[in-house]
Structure formats: structure tokens, C-alpha cells
Amino acid sequence: MAESGFPLPPEAFCPLCADTVRDPVTVACGDTYCLECIKIYWDQFDHIGVYSCPQCHATFTPRPVLKRNLPNVYQEPQRQLPELTPFPYLNREVYCDFCVGRRNRAVKSCLMCLAYYCETHIKPHFESATFKRHKLVDELGHLDRKICPQHEKGLELFCRTDQMCICVLCTVREHRSHNITSAEEERIEKQKLLVVTQTEVQHIIQERMKELQDLKHNVDVLKSAAQRAQAESDKTFYEMLQAVERWKSEINQMIMANMQSAMSQAEGYVNRLEQEIMELQRRDAELRQILDTEDNIHFLQSFPTLCVAPEAMVPKVLINPQFSFGEMSKTATDMKENLDNICKKEVVKLSKTVSETSVYIILPRNGGKRLKGFPIQTVPSNADIQEPKIRTDFLRYAVKLSFDPNTVYKELVLSEGNQKITRKKLVQFYPDHPERFDGFSQVLCKEPLTSFRFYWEAEWSGEFSIGVAYRNISRKGKNSQSLLGYNNKSWSLLCSDSGYSAWHNKVDRDLPGALKATRIGVYLDCAGNTLAFYSVSDTMELIHRFKTQFTEPLYAGFGVGSSVTLCQLKQPN
């Protein structure tokens, strides 16, 4: 029974709250809602001054006056969306959802109906005014990604607070009071960023192609130098006595071995550089495809993986000016003059020089990050070798982190642009995700940490754990495999009012006497296999340091008792 006193049939329900209609009202287009639900939905459009029906998207200006319905309003049944076919892969044929018997190949998909149409069944969309507001696109496939997993409604809006696509029903409950905009408006903003990324990719391609050309030229020069060195060595040794023939053979073997080693290294560098160019060209093609797509939802869902410019796969390779085959030719001349005893001494010295001098100088990209498979052969400065001592030195390695919404435990609430997380007693309406922790109040950050040094700080209240974990740490169940520090895939520092303890693989170490602080600093040296925790106040005091072998990229992780805030750090000038 409604508050107005009129009985409602059991099928009468509000599309916004998906519950029995309370204080029913009907808008001008004929759709019916709860009075409170439609008021809340329209409140978010007051700043625009244009109001629309969540069902049929009819627009109204000014805002309609809402009045309760009479009892005969509910005799018209709720409209039903057509049943969708299973999600087809993009590289397979997609068939019409409305063909009976043998199904024809689909030529269009409708973002309003969330269905596929052949040439015959698409005609009403062009001929009938009923479908004039529907959005038709050429892209076929992935329609199930355009349906809200909670409300089974089409995804038409974008929540900037949580950075995700939502339906109109989400604005009433899960995303109420959030910063909501249309998918079209959000696409316009993100497309600007994606165009910048594409420009960067094209610039990188040009740089890599020039580097490839220069490297091939320098390799040819290196090969010619080796050939000249061998010829000069042969001429010198032919003038020497037979007694030094064995030294000639040894020198030639050394030259050939180093030339073959240099050629082998060069081939690897050339192949990797060519592979990177091919990957960048493939990335450019993906960006052109997504920029040309008419499907806004597909665009927005693909945006996070495409908007970031790719990191360099291959370092820049130069010929080391300190490496020269001319040293071998000079040595051969000296050997001729000093005969057997001098030859023995010089060959030993030459062998040591050649083995300690690299043919190529490896220059790291990405602000100094080391690339997997390419050791840095240049000698680092003293500042790079030493571990940081004061906070200014740590801040040189400051990294910006953000909590990953896909990993958040069901009782945790994100805020401040995914920089703060608070534990509530009420269960939050997060969609199911394979990376979400479902047994412990934990969360990981999005950014992978690998091959370099990183530093970050966090402020906390309540019992709290902070550490790092491999990506493949278990997320499901309430057991040691999914708890930070209780397995061989994670390391953590447990902080409470009573003190600190360090955990790894179920082994704990109490840390008495450490300075209590509400801000914890974490220093990670992937190459140095070091993870250290510091209490941060006016000074920095070491709480605990792990020395271990990291074999995979790491992710910052947190166990939340009350709240955790990622601190905004700036690198010193």
C-alpha cells in the first residue's frame, strides 16, 4: 500500500531503486518513479537546467513539477530489454539478436537497446520516431561490457570520483553525491590526453628509428676497425721470428673473439630496437583505432591502458670511445721490438684491458630506471651508490601512488582522488573483481615498482600494516596466503599503539624502542634488494630493514584498521 492509500500491483516498481514504488509520480514522457528517487536524480542536473528521463531520455526545461499518481497509472507493464546474445570476441562474426531460425550477420549495434541488428531488423531504428534517440554504432562485440553488473542497465554516465562508467541507477545509491558527467563529456576530456600520448608515441618512434640507423652505421664502423686491426696485426707478425708465432695466434684469437662478442651484442641490441619500434607502431595503430571509434564506453574502458606513454624497452646504445682495436695493433709492434719476454708481459696486460673495457655504453632511459636484461655498464657516481641518509635524499626517489579500486576490501571507502582510504562498518557496493581482497581489510596500489629506487610515505590511524607484495598474491579467503607479510609473496610492517613488528612468510620480529610516529616512510631499492621502513617526524628513524631477493615487480600494500592517507611528496630541485 502506497502512502497515498492506493493499492499497487506487484509488478509496479521504480527503475531507479529497483524496488516497489513509494509515492509514485509520472513524468511527462509517461515513465513512473518514486518521488524521492526522481528528485535525487534530477538534483544533480540543477546546475545545467536541463532534465531528462532515466528510462527514455526525454528532456524537459524547466524542471517538471512532480505530483503523486492516481491508482490506474500502473496498468502498463514495465518495458523489457531484448535478451542479449553471449559476448562475442571482436575477431569473430556477430549475429543479429532478433533473427528467428538462421541468424543473419549483424551490421550495427545499438547502445540503447544493447543488442545487435542485421540489415533487416535495423530498419525500425531508421524509420520509427520511437528509436530516434537511440545510438547506433558500427563496432560489434563487447556489448556486455556496457551493462552495469549490479543493475543490468546500460552504462551511460561516468563517475569522476571513482573513475568508472556507471548507469543511471548507480547515481541513486552507490555513487550518490559523486562527481557525475556524461560519457560523451568525459570522452572529450580524455581524448585530449590520448592525443598527447599518441604524439609522444610518434615522437618516440622517430627517435628510435634514428637511433637504429646510427647504431647500424656504428656497428659497420666497428667491424671495419676490427678488420683493419687484424690486417695490421698480420703484417707485424709476419715480420717477427717463428718463435713468436704462438703469440700471433693468441692475439688473433683475442681480436676475433672480441669482434664476435661485439657483433653478437650488436645483433641483440638491433633486434630489440627493431622489436620496440614494431611495438610502438602497433601501439600507434591501437591509438588511431580507439580515437576513431564511435563507441564512447569502449573508448573510456580502453583509455586507462592506452593513455600512458609506453616505457622504453631498450636503452640507447653507443660505441664506447674507450674501446679500440688500435691498442692491439700497437701491442703487436711493441712485441716485435721486445721479443719473447716482452710479449709475455704485454699479452697479459692486453688481455686484462680488453676484458675490463666494454664495447658499448648503455644509457638508461625513463629518468634513470634500469631496463630488464640490460645492466648499466657506466660507473655510477658516489651519490648513486650511497643509501639515502636524510629525508631530502629519500625524496629524490619519491613516487606518486594511488589506491587501486579493483583491490579494495568491501568495507573500505576511497576518497580524495584514491589517495585516502577509510574503513566503515557498512559493506560498500563494489563490483566483483578477481583482484579484490575479500577476506582481509587490505588494498594495493596501482603502480608497479621495479628495477629502481622508490620512496613513499603514509599517515595512519588505528592498527595498520604497510609493505609490498607481488601481483600474484592471493586475494581470496581469510588465510595466510592473502594476508600481507604472512607468505613468501609479501613483506610488511605492522603498526599499532603498542609498537611495531616486521613480517615475512609468517615470521615476525618485534621491534622495541622504535620511535612512534603517525607517518611511516618506505624506501625500496629493487636493484639493491632492500626494503626499509622509517618513522617520519622532525627526523627520520629506521624502524626495520629487509634484505632479500626480489624476483618480480612489487606493489605497495596496506592493511587498514581505521584510515590510511598517501602523502603527497615533492622531489627536491
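For the structure itself, consult the block above.
Residues numbered from 1 in each chain as written. Predicted model: local features only at pLDDT ≥ 70, side-chain atom pairs only at ≥ 80, totals over all residues. Heavy atoms only, no water.

Caption draft 1: Main features of the sheet that holds strand E7 (residues 108–110). Spatial ordering of the open sheet is given by E8-E7-E9, a layout of 3 strands whose pairing is antiparallel. Each edge of the open sheet is held by one strand with a lone partner, namely strand E8 (115–117) and strand E9 (136–137). Where E7 lies against E8, 3 bridges are found, and the strand directions are antiparallel. Across the sheet, Lys 108 pairs through a bridge with Tyr 117, a residue of E8. (Pairing = 2+ DSSP bridges. Helix = DSSP H or I, 4+ residues; strand = E, 2+ residues; numbered from the N terminus.)

Caption draft 2: The pattern of salt bridges, seen in detail. Summed over the entire model, instances satisfying the criterion amount to 17 salt bridges. The partner of Glu 276 in a salt bridge is Arg 208, and the shortest N-O contact between them spans 3.3 Å. Here Glu 276 is found in helix H4 (residues 245–292), whereas its partner Arg 208 is found in helix H3 (residues 183–238), with 68 residues between them in sequence. The pair Glu 276 / Arg 208 is uniform in exposure class, with both members buried. Arg 282 serves as the salt-bridge partner of Glu 286, at 2.0 Å between the closest nitrogen and oxygen. Of the two residues, Glu 286 and Arg 282 both sit in helix H4, 4 residues apart, roughly one turn of that helix. (Salt bridge = Lys/Arg side-chain N within 4 Å of Asp/Glu carboxyl O. Buried < 20%, exposed > 50% of the residue type's maximum accessible area, 1.4 Å probe, protein only.)

Caption draft 3: Fine view of the side chain of Asp 404. Structurally, the position occupied by Asp 404 is in the loop between helix H8 (391–395) and strand E15 (412–415). The side chain of Asp 404 sits in the buried core without any salt bridge; Lys 446 is the nearest counter-charge, 5.4 Å away. (Lys, Arg positive; Asp, Glu negative; His and termini not counted.)

Caption draft 4: The nonpolar core, seen in detail. Ranked by internal contacts, the top residues of the largest apolar core, which has 46 residues, are Cys 14, Leu 16, Tyr 33, Ile 38, Tyr 41, Trp 42 and Leu 194. Breaking this core down by element, the ones donating at least two residues are strand E4 (32–34), helix H1 (35–43), strand E10 (157–159), strand E11 (164–166), H3, H4 and helix H5 (296–306). Those residues in contact with Cys 14, other than ones at most four positions away along the chain, are Asp 19, Val 21, Tyr 33, Cys 34 and Cys 37. Ala 458, Ile 466, Cys 495 and Val 564 belong to the second-largest nonpolar core, a separate cluster that totals 40 residues. (Core = buried A, V, L, I, M, F, W, Y, C linked by side-chain atoms within 4.5 Å. Contact = heavy atoms within 4.5 Å.)

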